[in-house]
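Coordinates in review
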Amino acid sequence: SQVSFEEESQKQPVVGHWKPLMPSKGNKEELETGCQDAGGVGETQCTEQLNVSRLRSSSVEIREKGSEFLKDELHKAQKELKLKDKECERLSKVREQLEQELEELTASLFEEAHKMVREANTKQAAAEKQLREARGKIDMLQAEVTALKTLVITSTPSSPNRELHPQLQSPSKAGFRKGHGRNKSTSSAMVSAASQNVAPEPVNRECREVDSILFAEFQAWKESPTLDKSCSFLDRIYREDVGPCLDFTKQELSELVRVAVEQNTLTIEPVASQTLPVVKVAAEECGGPKKCALSGLPRTCKHRIMLGDSGNYYYISPSCRARITAVCNFFTYIRYIQQGLVRQDVELMYWEVMRLRREMSLAKLGFYPSEM
């Protein structure tokens, strides 16, 4: 039996010397009890089993502590991630709010600018009307002054003018003498009184009624605004207004103008007295200060246009400028609607579109302001 025990002990793996750790109480008691029961013969084997059990218990303890440490780290990382998610959500809301405020501010600025332009046009029309009235009054006063000068010059001692000397007239005709003999202040006062007594002109208040077909087409376009002329709303306007308004004698140049207006690349500028030399095509195509390039007619051209960045200038007459400007105003307004910059009621937008269409219709018929 002793020989067999030695052989078995030689077959056991050699275990190194480890620093003994404190085993659990139950394992220690069991091992000590087992070692006592085995007696002196198995003392070495019991010692080795005790070391192995201690190693196992220490690895389990290390594993448990490592697992607890990893759980704590994971919990901290989750908390930090939640805080970062909340911060990102807050910053996203702030950004959306700023974008909305910027969009509303831009829309209000565009509306205010459009309103200011309309008010300026109204004030300009009123000022021009007052200027015409003042010029009429000046002409009338100048005519009276001329008549008075004529009467004074034609009155001599040998042949006195009876209009200037009412005592020479017969009593029956004295009451019917003309009023050229009154002085300048009296004439001005009477003219002012006469102008004040003139009845004011009645205010022209136009009546309007929404066309159901046109309004329905505009509403359908307003739901998803686009510049594609295949939709019914823009197709009608192209056929009825834009096409005829940009239909000039020079067909090739008219097509280039239409494309530039659609792409918003057309430039209109007044003709200066001395312009810098620019690269031009043939004079027949570009026209000149005395010939319109679009109509080909001899006209006084106060403006010229440039298509994109080509560098070619084309002189245009006031009538052609009015037609091009009317179409540009229409496209500018519908671009504002497409970009969401117009915050008005649908019906107000519709009537603004109808007003711009009316301007195109008047321009293509040859009506344009005198300042063009």
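The present account deals with the structure reproduced in this document. (Residues numbered from 1 in each chain as written. Predicted model: local features only at pLDDT ≥ 70, side-chain atom pairs only at ≥ 80, totals over all residues. Heavy atoms only, no water.)

Time to look at the overall build of the protein. The helix and strand inventory of the protein stands at 11 helices and 3 strands. Going from N to C terminus, the protein has its helices and strands arranged as α-α-α-α-α-α-α-α-β-α-β-β-α-α. Evaluated residue by residue, the protein yields a buried proportion of 23% over its 372 residues. For the protein, long-range pairs separated by at least 24 residues make up 66% of all intrachain contacts whose partners lie at least 6 apart in sequence. (Helix = DSSP H or I, 4+ residues; strand = E, 2+ residues; numbered from the N terminus. Buried < 20%, exposed > 50% of the residue type's maximum accessible area, 1.4 Å probe, protein only. Contact = heavy atoms within 4.5 Å.)

What follows covers the sheet that holds strand β1 (residues 266-270). An order of β1-β2-β3 is seen for the 3 strands of this open sheet, with the pairing classed as antiparallel. The two strands at the open ends of the sheet, each matched to only one other strand, are β1 and β3 (313-316). Between one strand and the next, the sheet's axes are offset by a mean angle of 30 degrees, whatever the strand orientation. In the sheet, β1 pairs with strand β2 (residues 303-307) via 5 bridges, with the strands oriented antiparallel. (Pairing = 2+ DSSP bridges. Axes fitted to C-alpha atoms, helices over the stretch in contact; angles between N-to-C directions.)

In this section: a nonpolar patch on the surface. A contiguous nonpolar surface patch, about 340 Å² in accessible area, is contributed by L362, L365 and F367. Within the secondary structure layout, L365 lies in the segment after α11 (346-364). (Patch = residues over 30% accessible without salt bridge, like charges linked within 9 Å, V, L, I, M, F, W, Y side chains within 5 Å. Areas by Shrake-Rupley, 256 points an atom, 1.4 Å probe, with all protein chains shown as cover. Salt bridge = Lys/Arg side-chain N within 4 Å of Asp/Glu carboxyl O.)

Below, the discussion takes up unusual backbone geometry. Phi is positive for N264, close to 60 degrees, though the residue is something other than glycine. Mapped onto the elements, N264 comes out in the loop between α8 (251-263) and β1.

Looking now at helix α6 (residues 212-223). Compared with the 16 Å implied by 1.5 Å per residue over 12 residues, the 17 Å span of α6 between its first and last C-alpha is a close match. Among all positions in α6, only L214, F215, E217, F218 and W221 are buried. Buried residues along α6 cover an arc of 160 degrees about the axis, so they all sit on one side. Seen from the buried face of α6, the exposed residues on the opposite side, beyond 90 degrees, are S212, I213 and E223. (Expected span 1.5 Å × (residues − 1). Arc of directions from axis to C-beta.)

What follows deals with the nonpolar core. Side chains of nonpolar character tend, in soluble globular proteins, to be buried together. V242, V257, L294, I324 and F330 are the most contacted members of the largest nonpolar core, which totals 44 residues. Mapped onto this core, the elements with two or more residues apiece are α6, α7 (232-245), α8, β2, β3, α10 (318-338) and α11. Considering each element in turn, this core owes the most residues, 9 residues, to α10. (Core = buried A, V, L, I, M, F, W, Y, C linked by side-chain atoms within 4.5 Å.)

Looking at the element boundaries, D241 is found in helix α7. Excluding residues that lie within four positions of it along the chain, D241 makes contacts with R236, R357, M360, S361 and K364.

Let's shift gears to a negative patch on the surface. A cluster of acidic residues, E64, E68, D72 and E73, forms a negative patch at the surface. Counting through the fold element by element, E68 comes out in helix α3 (residues 43-154). A residue is classified by how much of its surface remains accessible, and E68, at 52% relative accessible area, is exposed. (Lys, Arg positive; Asp, Glu negative; His and termini not counted. Charge placed at Lys NZ, Arg CZ, Asp CG, Glu CD.)

Everything listed here is a matter of coordinates, which is why it stays silent on function.
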